[in-house]
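Residue-level listing of the chains:
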Amino acid sequence: QVQLVESGGGLVPPGGSLTLSCLASGIRFSRYSTYTLSWYRQVPEKERELVAKLTVPLGTDYADSVKGRFTISRDSAQNMVYLQMNSLKPEDTAVYYCHGVFGLSYWGRGTQVTVSS
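Residues numbered from 1 in each chain as written. Predicted model: local features only at pLDDT ≥ 70, side-chain atom pairs only at ≥ 80, totals over all residues. Heavy atoms only, no water.

S.K.: Could you give an account of the overall build of the protein, with specific residues and numbers?
M.R.: In terms of helices and strands, the protein carries 0 helices and 11 strands. A principal-axis box enclosing the C-alpha atoms of the protein has dimensions of 45 × 25 × 25 Å. Scored against the burial criterion, the 117 residues of the protein give a buried share of 41%. A sequence separation of at least 24 residues applies to 51% of the contacts in the protein between residues at least 6 apart. Carbon and sulfur atoms provide 47% of the accessible area of the protein, an area that totals close to 6500 Å². Looking at the protein, you have 11 positive and 9 negative side-chain charges, and the mean spots of the two groups are 7 Å apart. (Helix = DSSP H or I, 4+ residues; strand = E, 2+ residues; numbered from the N terminus. Buried < 20%, exposed > 50% of the residue type's maximum accessible area, 1.4 Å probe, protein only. Contact = heavy atoms within 4.5 Å. Areas by Shrake-Rupley, 256 points an atom, 1.4 Å probe, with all protein chains shown as cover. Lys, Arg positive; Asp, Glu negative; His and termini not counted. Charge placed at Lys NZ, Arg CZ, Asp CG, Glu CD.)

Below you can see the structure in the form of structure tokens.
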């Protein structure tokens, strides 16, 4: 059974940095030549928003609101996905979700990020 589990969320002051991690179990990235890893975020009463996407082997894409501040990456050997977030703003506050497509689509349960002083 494939599971994605996020970690690394928490409270951070404006201008600070935070790195989110997503561990994929029940799957090995190395078995796939083409796949997609993404980070989404959602605030109450709003639609889930795509913030970063990594498509193997094509490259990355980011929402305009986070370009230059967020970086998505992966560690294939560890089956990990990361989202490095810098220069955080209060409007970045949300539940962040890890998403992967390996033929089928899989979602994590989310981790809360709160940007506040």
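S.K.: Can you lay out the side chain of Thr36 for me, pointing to particular residues and giving the numbers?
M.R.: Counting through the fold element by element, Thr36 comes out in strand E4 (residues 35–42). Those residues in contact with Thr36 that lie beyond four places of it in its chain are Lys53, Leu54, Thr55, His99, Gly100 and Val101.

S.K.: I'd like a rundown of the environment of Glu91, residues and numbers included.
M.R.: Within the secondary structure layout, Glu91 lies in the loop between strand E8 (80–85) and strand E9 (94–102). Separated by 24 residues in sequence, Glu91 and Val115 place their C-alpha atoms 7.6 Å apart.

S.K.: Any chance you could break down the packing of aromatic side chains for me, citing the residues and the numbers?
M.R.: Taken as a whole, this structure holds 6 aromatic pairs when the rule is applied. Between Tyr32 and Phe102, the aromatic rings sit 5.6 Å apart at their centres with planes inclined by 50 degrees, giving tilted as the arrangement. Within this pair, whereas Tyr32 is found in the loop between strand E3 (18–25) and E4, its partner Phe102 is found in strand E9, the two being separated by 70 residues in sequence. The partly exposed category is assigned to Tyr32, whose relative accessible area is 32%. Taking relative accessible area as the criterion, Phe102 reaches 5% and is therefore assigned buried. Lying across the ring of Tyr97, Arg48 places its NZ or CZ 3.7 Å from the centre. Residue placement shows Arg48 over the ring face of Trp107; its charged tip is 4.8 Å from the ring centre. (Phe/Tyr/Trp six-rings, centres within 6.5 Å; stacked < 30°, edge-to-face > 60°. Lys NZ or Arg CZ within 6 Å of the ring centre and 35° of its normal.)

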